[in-house]
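In case you want the letters, here they are:
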Amino acid sequence: MIGRILFRIALFIGRLPKWFVVSSLIAVVFLPFAGIAITKIYQFADDAADRGAVGIADSGFGDTYTTPEYLDQGWEPEDSLWFYNTTQGSAFMPYDFFLALEQAEIDGTKKVECAKNGIEAALFICDENIDRLRYLPQHETLFNPHALPVGFVKETYKGRDYIGYTCAACHTGQVNFEGRALRIDGGPAMADMVGFMAELTKAMQQTERDPKGDNPRLDRFVERVINMNNDFDDRAEIEQELARWTDKRELYNAVNRSTYYDPEANKTHRVHYGYARLDAFGRIYNRVLQHAISRAQVAEQLRLVTDRNSATEPMMSEAQIEKVLHDVGDEIILRDDEFAKIIANLRNPDTAAGYPALNLRQILRVRNRIFNSPNAPVSYPFLWDIPHSDYVQWNSIAGNAGPGPLGRNAGEVTGVFGILDWHEEKGIWGWFKKFSISALASGQTTKKKVINFESSIDLFNLQRLESHLATLQSPRWPFCRSSDTGDYYLPTGPDTVSFAERQCEGDDVKTNKDMVDKGRLIYARNCQSCHDVIDRSDWDRLVIGKLVSIEDPESTDIAMAHNSAFYAGKPGNFRDTYQAVDGVGTVVVGDNAPVAQILTATTKGVVATPDPDKWWPRRIAEWVYSLVMTIADNPIKNSVKAGNCKPDTTAQPFNSIQAYRARSLNGIWATAPYLHNGSVPDLYNLLLPVDPMVEQCRIGKKDTNGEFIMRGWETLGMPQPAQRVTSFRVGSREFEPDKVGFRSDGDEGFEFRTDIRGNFNVGHEYGACGMTDVDRYNLIEYLKSL
């Protein structure tokens, strides 16, 4: 039958004119690859000298600044602007809605007005509001015609425009000093992503509040959206889509409410992230669980939810569970809209109609049955040297060899609002799908039903962004120090002269050579066994991350590493599939599986699925290009993890990620706050002991048995030092060069307390209590020089 069909197709083609056949082949084969070449050339078109940066005259944090300047990091203006404005497939709301949305009415928060894109109002996108949430405002450039903040970008998917995040939103930093600002490409952001999403959702709720049309705020919003003449021209559709996307954002916030249960105190704590931190893995894990779990598994979990005061009384009856799920489809996978309906039905106060009318505390008990609390926030990692690293992420969960970078980045977009149109493939195509590359990669070839991993995730751009980072270098220490007063200052000079070429005044220098030399010896003794020293500009540099197990006495707060290894959930269609795990072999996915395992399977499915939103020849060409170039461009080879970590086993296949990765410290001055969870405000505090009141301290040396040598204070002949601060403020970008960190006193910003799980400032005391203040400042001076 198939042979007969192919014969007829060949016969039909043979009757066509040769010129038509040849030109068609050229169009199908050549044009997609020509498009790739043109795209790579066009990425250098936006070369605004100031890279779109703008100053802020009235910052709420007291760190007002002029137009930011740039250090020498190997990137020209066009490199930065392409990185800021290249979509990766993220989409958290319709594009027109974001441009038209007004700020929320929030007690204690001052609304600011501006003129943006021809609109004068208290817009959410106003520069001062964006700066208050600690994202970085930009002015209009070629690639950014609507003056979006750094890392915010238009994503076009299936004919509609959306606003989403790029890598740059979380990985572009800024250092302010006495009215001037230095933009740090690849540096950790100060952004409050959770606060941003909470305020965005509140603004959407207040806009949508009155669907009857007599709400002036809604009227203004609808008028602005229609006047954009883009995706919407009908009020009813705008109101419907606003309600739908408000539900999505409410769902995201509800699922990811961060709490921690303390069994000793029998009390649940809120874990607030504040600025400069995010539990990205916890949120990625939850997004995967939401899109992997089946209706039947949700029903089973709802049956297991009990009241707070009873371990045997179900919270909901069978009839209530059916009512909650009555308008949810029976596919093997759930969509965003369906999960939003589940949450809405759980909250529905109409008990007469059979709904359970759960309160917030009860909703959280349901959440904890299906999802995991993202209660281990960490600092945004800095990106320089990432393509040169053997493993990445704070706990080395992601191998960087082969196609690893593409999978890692696809998983990241899954978490930051990629549109996941994952669905059950039905009909004849469902049968064929079992033999597809995505089914094979995700382990579904043994299943009767198969998931199609269609999504907005842009594999082509992800590969290009990763390749682009290979040219990024760490920032050099930019401050000069007066030889007369000891005060720090930034050197001046015309814009055409780079920071590296600007000279300090008179005999002033950026680093003190004598102190650097002494600090180098301390670093070699106490630090270098974990933190290799590398040449920031060496193209062939290889960064080996040294792992420190969370069982090591010097381990820092264990929450993130513990959660990533032990968080589990329902795997949906991946139950009873065979999945390869590095270091262990092939394992069978159980009924309650590690989320890391489910994430790996879904990510493989995404990477094996060409972009559904493009003409098919282009779709295939870009997909092949992405896979081939990811591997061909990647100098990293498979290797075992270095350092001290638990071995992976069949019983615990993710043992090795119960550790933290120590990496090279070039550019470390620009990455405060410190430790993986941002629990130490500056380098000076990092070199203080956690608790100097103990009778003995480690001096950074080990005996012949590998145990740390302990010495009492009297034996050391030194007074007990101060201790790391246990409470400080985060949010200011005003830099303190002496201690090397941001200003952390005053009343502005988020109060960081180190007395709860996830925020502990313990560990990493290697030799700290055996140092004098002179030693500390010598070591800091050396760290500045890296």
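Above this text is the structure in question.
A brief structural summary. (Residues numbered from 1 in each chain as written. Predicted model: local features only at pLDDT ≥ 70, side-chain atom pairs only at ≥ 80, totals over all residues. Heavy atoms only, no water.)

**Section: the overall build of the protein**
- A count of helices and strands for the protein gives 25 helices and 31 strands.
- Its C-alpha atoms give the protein a radius of gyration of 27 Å, near enough to 28 Å, the size a compact globule of 786 residues would have.
- Across its three principal axes, the protein shows a C-alpha extent of roughly 90 × 70 × 60 Å.
- Residue burial in the protein is summarised as follows: out of 786 residues, 56% are buried.
- Considering only contacts in the protein between residues 6 or more positions apart, those separated by 24 or more positions represent 73%.
- Surface exposure of the protein reaches about 33,800 Å², of which carbon and sulfur atoms provide 54%.
- Placing the 86 positive and 106 negative side-chain charges of the protein at their respective mean positions leaves the two points 6 Å apart. (Helix = DSSP H or I, 4+ residues; strand = E, 2+ residues; numbered from the N terminus. Rg over C-alpha atoms; globule rule 2.2 N^0.38 Å. Buried < 20%, exposed > 50% of the residue type's maximum accessible area, 1.4 Å probe, protein only. Contact = heavy atoms within 4.5 Å. Areas by Shrake-Rupley, 256 points an atom, 1.4 Å probe, with all protein chains shown as cover. Lys, Arg positive; Asp, Glu negative; His and termini not counted. Charge placed at Lys NZ, Arg CZ, Asp CG, Glu CD.)

**A short note on the pairing of strand β7 (residues 172-177)**
- Counting buried positions over the six residues of β7 gives six, a clear majority of the element.
- Here β7 shows two buried faces, one formed by Thr172, Gln174 and Asn176 and the other by Gly173, Val175 and Phe177.
- Inspection of the sheet shows β7 paired to strand β8 (residues 180-185) by six bridges, in the antiparallel sense. Bridging from a neighbouring strand, Val175 pairs with Leu182 of β8.
- Remark: two residues form the turn of the hairpin made by β7 and β8, two consecutive strands paired antiparallel; Glu178 in that turn has positive phi of roughly 50 degrees. (Pairing = 2+ DSSP bridges.)

**Some thoughts on the packing of helix α15 (residues 404-415) against helix α18 (residues 459-469)**
- Direction vectors running N to C along α15 and α18 enclose 120 degrees, while the axes themselves pass 10 Å from each other. As α15 runs across α18, the sense of the crossing is right-handed. Contacts between α15 and α18 involve Pro405, Leu406, Arg408, Asn409, Ala410 and Val413 from the first element and Leu459, Leu462, Gln463 and Glu466 from the second.
- Residue classes in the contact of α15 with α18 are distributed as six nonpolar, two polar and two charged. (Axes fitted to C-alpha atoms, helices over the stretch in contact; angles between N-to-C directions. Left-handed = near helix turned anticlockwise from the far one by under 90°. Nonpolar A, V, L, I, M, F, W, Y, C, P; charged D, E, K, R; others polar.)

**Comments concerning the nonpolar core**
- Among the nonpolar cores identified, the biggest contains 67 residues, and Val298, Leu325, Phe339, Ile342 and Leu346 are the most heavily contacted of them.
- Broken down by element, this core gets its largest block of residues, seven residues, from helix α21 (residues 595-607).
- Beyond its immediate stretch of four places on either side in the chain, Leu346 contacts Met316, Val324, Pro356, Ala357, Leu358, Ile363 and Val366.
- If you look at the next biggest cluster of nonpolar residues, it comprises 64 residues, including Met190, Leu665, Leu686 and Leu688. (Core = buried A, V, L, I, M, F, W, Y, C linked by side-chain atoms within 4.5 Å.)

**Things to note about the state of the cysteines**
- Scanning the entire structure with this criterion turns up two disulfides.
- Disulfide pairing is shown between Cys114 and Cys126; the S-S distance is 2.0 Å. In this structure, the disulfide formed by Cys114 and Cys126 twists by about -85 degrees around the S-S bond and is classed as left-handed. Pair noted here: Cys114 is in strand β3 (residues 114-116) and Cys126 is in the loop between β4 (119-121) and α5 (127-132), with a separation of 12 residues, a long-range link. (Disulfide = S-S within 2.5 Å.)

**Description of unusual backbone geometry**
- In this chain, Ala672 is followed by Pro673 through a cis amide linkage whose omega measures -5 degrees.
- Among the structural elements, Pro673 can be located in the loop between β25 (659-662) and α23 (683-686).
- Phi angles above zero are rare outside glycine, and Ala357 is one such case at about 55 degrees.
- Looking at where Ala357 falls in the secondary structure, it is placed in the loop between α13 (336-347) and α14 (360-370).
- What makes Ala357 partly exposed here is its relative accessible area of 29%.
- Positive phi, close to 55 degrees, is recorded for Ser396, a residue that is not glycine.
- Among the structural elements, Ser396 can be located in the loop between β13 (391-392) and β14 (398-399).
- By relative accessible area, which is 2% here, Ser396 ends up buried.

**As for the sheet that holds strand β6 (residues 160-165)**
- Reading across the sheet, the three strands line up as β2-β6-β5 and stay open at both edges, with antiparallel pairing between neighbours. Lying at the two open borders of the sheet, with one neighbouring strand each, are β2 (93-94) and β5 (152-157).
- Bridge count for β2 against β6 is two bridges, and the pairing is antiparallel. Paired with Pro94 across the two strands is Tyr162, which belongs to β6.
- Sheet strands touched by helix α7 (residues 193-208): β2, β5 and β6. Its angle to β6, the strand with the most contacts, is close to 145 degrees.

**A closer look at the side chain of Gln88**
- Summarising the element assignment, Gln88 is placed in the loop between α3 (77-84) and β2.
- A relative accessible area of 0% places Gln88 in the buried class.
- In terms of polar contacts, Gln88 uses its side chain to reach the backbone carbonyl oxygen of Tyr165, at 3.2 Å.
- When residues no more than four places from it in sequence are discounted, the contact partners of Gln88 are Tyr165, Thr166, Cys167, Glu412, Val413, Val416, Ser456, Ile457, Asp458, Leu462 and Leu465. (Polar contact = N/O pair within 3.5 Å; in protein donor to acceptor, adjacent residues only side chain to side chain.)

**Focus on a nonpolar patch on the surface**
- Taken together, the side chains of Ile428, Trp429, Trp431, Phe432 and Phe435 present a nonpolar region at the surface, about 670 Å² in accessible area.
- Tracing the backbone shows Trp429 in helix α16 (residues 427-433). (Patch = residues over 30% accessible without salt bridge, like charges linked within 9 Å, V, L, I, M, F, W, Y side chains within 5 Å. Salt bridge = Lys/Arg side-chain N within 4 Å of Asp/Glu carboxyl O.)

**Structural notes on the sheet that holds β8**
- Taken in spatial order, the three strands of this open sheet run β1-β8-β7, and their pairing is mixed. A single partner strand is all that each edge strand has here, and the edge strands are β1 (69-70) and β7.
- Two strands pair when backbone bridges link them, and β1 and β8 are joined in this way by two bridges, in the parallel orientation. Each bridged residue has a counterpart across the sheet, and for Glu69 the counterpart in β8 is Leu182.
- Where α3 meets the sheet, its contacts fall on β1, β7 and β8, and the angle it forms with β8 comes to roughly 70 degrees.

**Observations concerning the pairing of strand β19 (residues 546-549)**
- Burial along β19 is two-sided: the face carrying Lys546 and Val548 and the face carrying Leu547 and Ser549 are both buried.
- Judged from the three bridges that link them, β19 and strand β24 (residues 642-644) form a sheet pairing that is parallel. Paired with Leu547 across the strands is Gly643, a residue of β24.
- Relative to β25, β19 runs antiparallel, the two sharing four bridges. Bridged to Val548 within β25 is Tyr660.

**Section: the side chain of Ser438**
- Locating Ser438 in the fold gives a position in helix α17 (residues 437-441).
- If we skip the residues at most four places from it in the chain, Ser438 touches Lys433, Gly605, Ala608 and Thr609.

**Comments concerning the pattern of salt bridges**
- If you walk through the whole model with that rule in mind, you get 44 salt bridges.
- With a shortest N-O distance of 3.9 Å, Arg51 and Asp185 are connected by a salt bridge. A residue pair is termed long-range when its members are at least 10 positions apart, and Arg51 in the loop between α2 (18-42) and β1 and Asp185 in strand β8 qualify at 134 residues. Side by side, Arg51 and Asp185 carry an identical accessibility label, which is buried.
- A salt bridge links Arg134 to Asp131; the nearest nitrogen and oxygen atoms lie 3.0 Å apart. Asp131 matches Arg134 in its accessibility class, with the two residues each being buried.
- One salt-bridge network, held together by shared partners, links Glu241, Arg244, Lys248, Arg287, Asp336 and Asp337.

**Quick word on the environment of Gln652**
- Position of Gln652 among the secondary structure elements: in the loop between β24 and β25.
- Residue classification places Gln652 among the buried residues on the basis of a relative accessible area of 14%.
- For the pair Gln652 and Trp422, spaced 230 residues apart in sequence, the C-alpha separation works out to 29 Å.
- For Gln652, the residues in contact, after removing those within four places along its chain, are Ala565, Phe566 and Gln658.

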